[in-house]
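The lines below spell out each chain.
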Amino acid sequence: MMVSSILLAWPALTWLAITGLTDPSIELGVTLYGALQALMVSVAAVATMRVVVAPCLWFRRCRHPQRRQMVLGILFASILALSAAADLSGWLLLAMAAAVFAFFYLTRGRRTERDLVLFGLVLLIACGLFFVVAERVADPYLQLGGDSLALAGLLFLLRLLGREDAATGSSFVSKVEGLKHLIDVVPVGVVVMETDSRIRYTNRQFASMMGSTDRLEAVERLSDLAPDVVSREVLLNVLANLTESVDLESTGTTAISLRRLDGVDVTAEIAFGCARVGDRAAVIAIVRDTLELSQQDYLLHMMATTDDLTGLPNRMQLSLILDDPSSGVARGVPGALVLIDLDRFRQVNETLGHEFGDLLLVTVCARLIEILPADTPLVRFSGDVLVAVLLGADRGAVVASADRILRAFAEPILINEWEHSQSLSLGIALIPSDGQDVSQLVRKADLALGWAKSSGGNAYAFYDGPVAERAQRRHRLQNLLRQALAERELHLHYQPRVDLLTRRISGWEALLRWDSPQEGAVSPGEFIPVAEKCGLILEIGDWVLQEAMSQYARWIGMGLNPGTMAVNVSPRQLRRPDFARRIAALMERYGVAADQLELEITETALMEDVPVATRVLNELSGMGVSLSVDDFGTGYSSLGYLRSFPLDRLKIDRTFVTQLGSDRHHEAIAQAIIVLAHSLGLTVVAEGVETELQLRYLVLNDCEEVQGFLFSRPLPVAECERILRDDRPLGVRGIAGI
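What this report covers is the structure whose coordinates are included nearby. All of these numbers come straight from a predicted model, not from anything done at the bench.

### Observations regarding the overall build of the chain
Piece 1. Of regular secondary structure, the chain possesses 28 helices and 21 strands.
Piece 2. Counting over 738 residues, the chain shows a buried share of 43%.
Piece 3. If you take every contact in the chain between residues at least 6 apart in sequence, the share linking residues at least 24 apart comes to 63%.
Piece 4. When the accessible area of the chain is evaluated, it comes to approximately 38700 Å², of which 57% is carbon and sulfur surface.

The structure is reproduced here in structure tokens:
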């Protein structure tokens, strides 16, 4: 800016020097003061020109040139008028220079500051006569104002030199330094050179690649780094081809050898870009070491295809394994896809910690690699599920391998001096009889795995016979169940819960029933798992809650005393974040009090996600809703967790009740459960009571309540209302024949 200001003030300075030397009446101090004033006014002029840039940018983008010219004309006409009215020659010069700058900026595109200075000089020469004929302002106050304006121009100049450019956010020097810094931190080599490979700039990465810590100042040309004539000619030919099409901003890529300063040759992949900068051509080269690229590609490949915990191939590799021609799957060579699942692995993570679970999974994989036939692919499919592909094995060989796996894991696993017994479940799909496609084989093996786990685990199952029939049956029920929801084929029966002390009804349990027109009466034990699997359980569960509360409200409205209404809750319902709010909304809708509702959750559902179950149960208990754990004794709950849940009742599963009075082991288990429940302050309910012998044992061991066919089977609404109207103690077999 200072240079531009001096150039703009040059005619005035020349005139002052000439008049100061030729006119003896003019003192030297006056001449110097005039020179300083001319310079400061010029500084203010240049500063004003830069301020004009911002509105010029907006005017240039304006879609209406006539409107743009009109607004610009009004702006500078106003400046000229104010300058003339104040008789300030410096500000008149400033306004005219700014107008010239804006005119050329808008009509001919953005110009450099050098062009602007030339325009200003022409303007000042044309206005030079103004300095000859202009008279000094007589009013000292007005003269003082002009001096103040000149001083303001100097202060503006000093501030502008230390301020960042408002349009770009950085000064010219910071822009250049910032660009160099950015290029320096680029993780690839960067070389800026002439078209004859003469180096103008290199970044640190390229210098490091060539074995140097400086900027390779000793190397004049990039071609000097070529180890032989062939590499040098390849490099120069690429640059020559770029130069021929430089007007098109051409690019090119080549791979050549470069010799480091320590004499070691490296193979580099170089991408060139060439463009004309002013009247000269410049080339920028991006250089990569192909060895580093190969290492990076290998690491990326390993990350994408290998499980980071076990080191096994991940599920993405399973398709490649089966599609590999050497596997013989495409040719129909017999084999098997085996899904391997660790039994009760969730409980291991929850009780012993995820770190122990990871060590256990790695140890299981190592043992499987030792057991399986050589070269058998083993893949970590997901979580604790592994896949083994037995190639070239018939059914007999597959059975032998499955038996060998189960026997091997009968031995405890030693982890950190801790012996842990871990069983496995296997689901097997045969190749090619069960398919050759990965998704088809995995689906069938998963169905077989479900069958093996449902039998208690530590077993294997093939996808054939009962498994195939069960899969087809499940698929059919799934379709029919959707239809049942739409056609209202579902309904509720209610089974009374009897207080053993008074023999009166203390409450009812709502039990879901399905009478299908196609299948007849379908057992809840069959269709509820299907609903859980396909996601319909949420919709069904909502309907059951609404129907049970609605029926309870009708009984209360009829003046009956049904006690409490118990409704079963599925694990997926319990995992809903807003489950407690849904229950509160339904109770308000049907006018059911919190102490009139009881929710039953299975032991398995509680242990699926202990933190979530604890949070939801605490919310429900805080509302006053009664909670009971259903089918106790069939799951794998920890007594510590059981104590932390806000439960009110514990229901002994029917499997332990059936043998009461005839089997000492079952009697001991039932008695232990009753003692445990009482120690936790819970009421005990025995399910499935069907004989007087079972009832007598439960009474003698202080069981408070029972459910079962001995008193009543689940009943339709009309029969329930008849019993409630009678309002008398239930006798044994009193209504069992209903």
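Now that the structure has been shown, the text picks up again.
### A word on helix 12 (residues 316-323)
Note: α-helices contain 3.6 residues per turn, so residues at a spacing of three or four share the same orientation.
Piece 1. Buried within helix 12 we find Gln-317, Leu-318, Ile-321 and Leu-322. The buried residues of helix 12 all sit within an arc of 135 degrees when viewed along its axis, so they share a single face. For helix 12, the exposed residues set more than 90 degrees away from the buried face come down to Met-316, Leu-320 and Asp-323.

### Considering helix 23 (residues 610-623)
Piece 1. Taking 1.5 Å of rise per residue, 14 residues should cover 20 Å, and helix 23 covers 20 Å from first to last C-alpha, within 8% of that figure.
Piece 2. Of the residues making up helix 23, those classed as buried are Val-610, Ala-613, Thr-614, Val-616, Leu-617 and Leu-620.

### Structural notes on the sheet that holds strand 11 (residues 424-431)
Piece 1. Across the sheet, which stays open at both edges, the 5 strands sit in the order 7-8-6-11-12 with mixed pairing between neighbours. The open sheet has two edge strands with one neighbour each: strand 7 (378-382) and strand 12 (460-462). Ignoring which end each strand starts from, the neighbouring axes of this sheet average 25 degrees apart.
Piece 2. Two elements, strand 6 (residues 335-342) and strand 8 (residues 385-391), share 7 bridges in a ladder whose sense is antiparallel. Considered in strand 8, the bridge of Ile-340 is made with Leu-386.

### Re the pattern of salt bridges
Piece 1. Taken as a whole, this structure holds 28 salt bridges when the rule is applied.
Piece 2. Salt-bridge contacts for Asp-196 lead to Arg-221; the nearest nitrogen and oxygen are separated by 3.2 Å. Placement of Asp-196 in the loop between strand 1 (189-193) and strand 2 (199-202) and of Arg-221 in the loop between helix 9 (204-209) and helix 10 (229-244) is noted, with a sequence separation of 25 residues between them.
Piece 3. What makes Asp-196 partly exposed here is its relative accessible area of 32%.
Piece 4. Close ionic contact of Arg-198 with Glu-220 constitutes a salt bridge, the shortest N to O distance being 2.6 Å. Of the two residues, Arg-198 is situated in the loop between strand 1 and strand 2 and Glu-220 in the loop between helix 9 and helix 10; the sequence distance between them amounts to 22 residues.
Piece 5. Residue classification places Arg-198 among the partly exposed residues on the basis of a relative accessible area of 22%.
Piece 6. Each of Asp-196, Arg-198, Glu-220 and Arg-221 takes part in one network of salt bridges that share partners.

### Considerations on the packing of helix 17 (residues 466-487) against helix 18 (residues 524-534)
Piece 1. Following both chains from N to C, one finds helix 17 and helix 18 inclined at 80 degrees, their axes separated by 10 Å at the closest point. Accordingly, the angle class assigned to the pair helix 17 and helix 18 is roughly perpendicular. Note on element contacts: helix 18 touches helix 17 through Glu-526, Phe-527, Val-530, Ala-531, Lys-533 and Cys-534, opposite Arg-473, Arg-474, Leu-477, Gln-478, Leu-481 and Arg-482.
Piece 2. Of the residues that constitute the contact of helix 17 with helix 18, the class distribution is 6 nonpolar, 1 polar and 5 charged.

### Digging into the packing of aromatic side chains
Piece 1. For the structure on display, the rule yields 4 aromatic pairs.
Piece 2. Centroid distance Tyr-460 to Phe-462: 6.1 Å. Interplanar angle 85 degrees. Geometry classified as edge-to-face.
Piece 3. Positioned above the aromatic ring of Phe-381 is the side chain of Arg-315, whose terminal nitrogen or guanidinium carbon lies 4.0 Å from the ring centre.
Piece 4. Above the face of the Phe-462 ring, Arg-395 is positioned so that its terminal group lies 4.1 Å from the ring centre.

### Focus on the packing of helix 13 (residues 345-352) against helix 14 (residues 354-371)
Piece 1. For the pair helix 13 and helix 14, interaxial distance at closest approach is 6 Å and the crossing angle is 135 degrees. By the criterion of interaxial angle, the relationship of helix 13 to helix 14 is oblique. Together, Phe-345, Val-348, Asn-349 and Leu-352 of helix 13 and His-354, Phe-356, Gly-357, Leu-360 and Leu-361 of helix 14 make up the contact between the two elements.
Piece 2. Per-class residue counts for the contact of helix 13 with helix 14 are 6 nonpolar, 3 polar and no charged.

### Focus on unusual backbone geometry
Piece 1. Between Ile-431 and Pro-432 the backbone carries a cis peptide bond, its omega angle lying at 5 degrees.
Piece 2. Tracing the backbone through its elements, the reader meets Pro-432 in the loop between strand 11 and helix 16 (438-454).
Piece 3. Residues other than glycine seldom take positive phi values, yet Arg-503 does so here, at roughly 60 degrees.
Piece 4. Tracing the sequence through the fold places Arg-503 in the loop between strand 13 (490-499) and strand 14 (505-516).
Piece 5. Phi at Asp-727 is positive, roughly 50 degrees, even though this residue is not glycine.
Piece 6. Topologically, Asp-727 is positioned in the segment after helix 28 (717-726).

### Describing the side chain of Ser-516
Piece 1. In this fold, Ser-516 is placed in strand 14.
Piece 2. Owing to a relative accessible area of 5%, Ser-516 belongs among the buried residues under this scheme.
Piece 3. In this structure the side chain of Ser-516 is engaged in a polar contact, spanning 3.2 Å, whose partner is the backbone nitrogen of Glu-519.
Piece 4. Dropping the residues within four chain positions of it, Ser-516 is found in contact with Leu-480, Glu-489 and Val-522.

Parameters at a glance
Residues numbered from 1 in each chain as written. Predicted model: local features only at pLDDT ≥ 70, side-chain atom pairs only at ≥ 80, totals over all residues. Heavy atoms only, no water. Helix = DSSP H or I, 4+ residues; strand = E, 2+ residues; numbered from the N terminus. Buried < 20%, exposed > 50% of the residue type's maximum accessible area, 1.4 Å probe, protein only. Contact = heavy atoms within 4.5 Å. Areas by Shrake-Rupley, 256 points an atom, 1.4 Å probe, with all protein chains shown as cover. Arc of directions from axis to C-beta. Expected span 1.5 Å × (residues − 1). Pairing = 2+ DSSP bridges. Axes fitted to C-alpha atoms, helices over the stretch in contact; angles between N-to-C directions. Salt bridge = Lys/Arg side-chain N within 4 Å of Asp/Glu carboxyl O. Parallel < 35°, antiparallel > 145°, perpendicular 65-115°, else oblique. Nonpolar A, V, L, I, M, F, W, Y, C, P; charged D, E, K, R; others polar. Phe/Tyr/Trp six-rings, centres within 6.5 Å; stacked < 30°, edge-to-face > 60°. Lys NZ or Arg CZ within 6 Å of the ring centre and 35° of its normal. Polar contact = N/O pair within 3.5 Å; in protein donor to acceptor, adjacent residues only side chain to side chain.

The values are spatial; any link to function lies outside them.
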